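Residue strings, one per chain:
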Amino acid sequence: SFIDTLGAFFGPLFGLIISDFYFIQKGNLNNKDIYSLENNGLYYYSSGWHIKGVYSLILGFIFSASTIWNSSLMFLQSFSWIIGAFVTAFVYYLLAKE
């Protein structure tokens, strides 16, 4: 169960990355600001934490891990990774769109 739960964390992480790159940033990366620690950098957010991303990641992980730890949802255990990815991508898109 520990390995399944650890694997279920990577689905929401994938959903967050894909949603941000393709739907929010529209495929544009600012290479100069990726590793910048400046307060005015494009990727600095709130003291270095992107709160909307963290919230959506936690919510996606809850949905993903619930298929592993909840006995009534065990039939969805094989799909925990993709469930977490879709939930996180959708929630992040709704929170981060301008």
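Parameters and conventions
- Residues numbered from 1 in each chain as written.
- Predicted model: local features only at pLDDT ≥ 70, side-chain atom pairs only at ≥ 80, totals over all residues.
- Heavy atoms only, no water.
- Helix = DSSP H or I, 4+ residues; strand = E, 2+ residues; numbered from the N terminus.
- Buried < 20%, exposed > 50% of the residue type's maximum accessible area, 1.4 Å probe, protein only.
- Contact = heavy atoms within 4.5 Å.
- Areas by Shrake-Rupley, 256 points an atom, 1.4 Å probe, with all protein chains shown as cover.
- Lys, Arg positive; Asp, Glu negative; His and termini not counted.
- Charge placed at Lys NZ, Arg CZ, Asp CG, Glu CD.
- Axes fitted to C-alpha atoms, helices over the stretch in contact; angles between N-to-C directions.
- Left-handed = near helix turned anticlockwise from the far one by under 90°.
- Nonpolar A, V, L, I, M, F, W, Y, C, P; charged D, E, K, R; others polar.
- Phe/Tyr/Trp six-rings, centres within 6.5 Å; stacked < 30°, edge-to-face > 60°.
- 1 Å grid on protein atoms, 1.4 Å probe; cavity = no way out; pocket = protein on both sides within 12 Å on 5 of 7 lines; lining within 4 Å.
- Points joined across faces, edges and corners; volume = space filled by probe spheres on them.

Novice: Which residues make up the overall build of the protein chain, and what values do they have?
Specialist: Helix and strand content of the protein chain: four helices and zero strands. In the protein chain, the succession of α and β elements from N to C terminus is α-α-α-α. Dimensions of the protein chain, computed from C-alpha atoms along their principal axes, come out at roughly 45 × 25 × 20 Å. Residues counted as buried form 30% of the 98 residues belonging to the protein chain. Long-range contacts, defined here as pairs at least 24 residues apart, represent 67% of the contacts in the protein chain between residues at least 6 apart. As presented, the protein chain carries roughly 6,900 Å² of accessible surface, and 68% of it is formed by carbon and sulfur atoms. Computed over 4 positive and 5 negative side-chain charges, the separation of the two mean positions in the protein chain equals 10 Å.

Novice: Report on the packing of helix H1 (residues 2-24) against helix H3 (residues 51-69), specifying residues and quantitative values.
Specialist: With their axes 8 Å apart at the nearest point, H1 and H3 run at an angle of 140 degrees to one another. In this structure, H1 crosses over H3, and the sense of that crossing is right-handed. Here Asp-4, Thr-5, Ala-8, Phe-9, Pro-12, Leu-13 and Leu-16 of H1 lie close against H3, whose contacting residues are Gly-53, Ser-56, Leu-57, Gly-60, Phe-61, Ser-64, Ile-68 and Trp-69. Considering only residue class, the contact of H1 with H3 consists of nine nonpolar, five polar and one charged.

Novice: So what about the side chain of Ser-56? Which residues, and what values?
Specialist: By the secondary structure assignment, Ser-56 is in helix H3. Residue class for Ser-56 comes out buried when judged on its relative accessible area of 0%. Every residue in contact with Ser-56, bar those within four places of it in the chain, is listed here: Leu-16, Thr-88, Val-91 and Tyr-92.

Novice: Can you tell me about the packing of aromatic side chains, naming the residues and giving the values?
Specialist: Summed over the entire model, instances satisfying the criterion amount to five aromatic pairs. Note on Phe-9 and Phe-10: the rings are 6.2 Å apart at their centroids and 70 degrees apart in plane angle, and the pair reads as edge-to-face. Counting every residue linked through ring pairs, the aromatic cluster contains Phe-9, Phe-10 and Phe-61.

Novice: An account of the environment of Ala-96 is requested, with residue identities and associated values reported.
Specialist: As for its position among the elements, Ala-96 is in helix H4 (residues 80-96). Taking C-alpha positions, Ala-96 is 7.1 Å from Ile-24, a pair spaced 72 residues apart along the chain. Excluding anything up to four places from it in sequence, Ala-96 contacts Ile-24 and Lys-52.

Novice: Could you give me a rundown of the layout of surface pockets, with the residues and numbers involved?
Specialist: Quantified by volume, the second largest pocket comes out at close to 170 Å³. What lines the second largest pocket is Asp-20, Ile-24, Gln-25, Leu-42, Tyr-45, His-50, Lys-52, Tyr-92, Ala-96 and Glu-98. A breakdown of the residues in the lining of the second largest pocket according to their chemical character gives five nonpolar, two polar and three charged.

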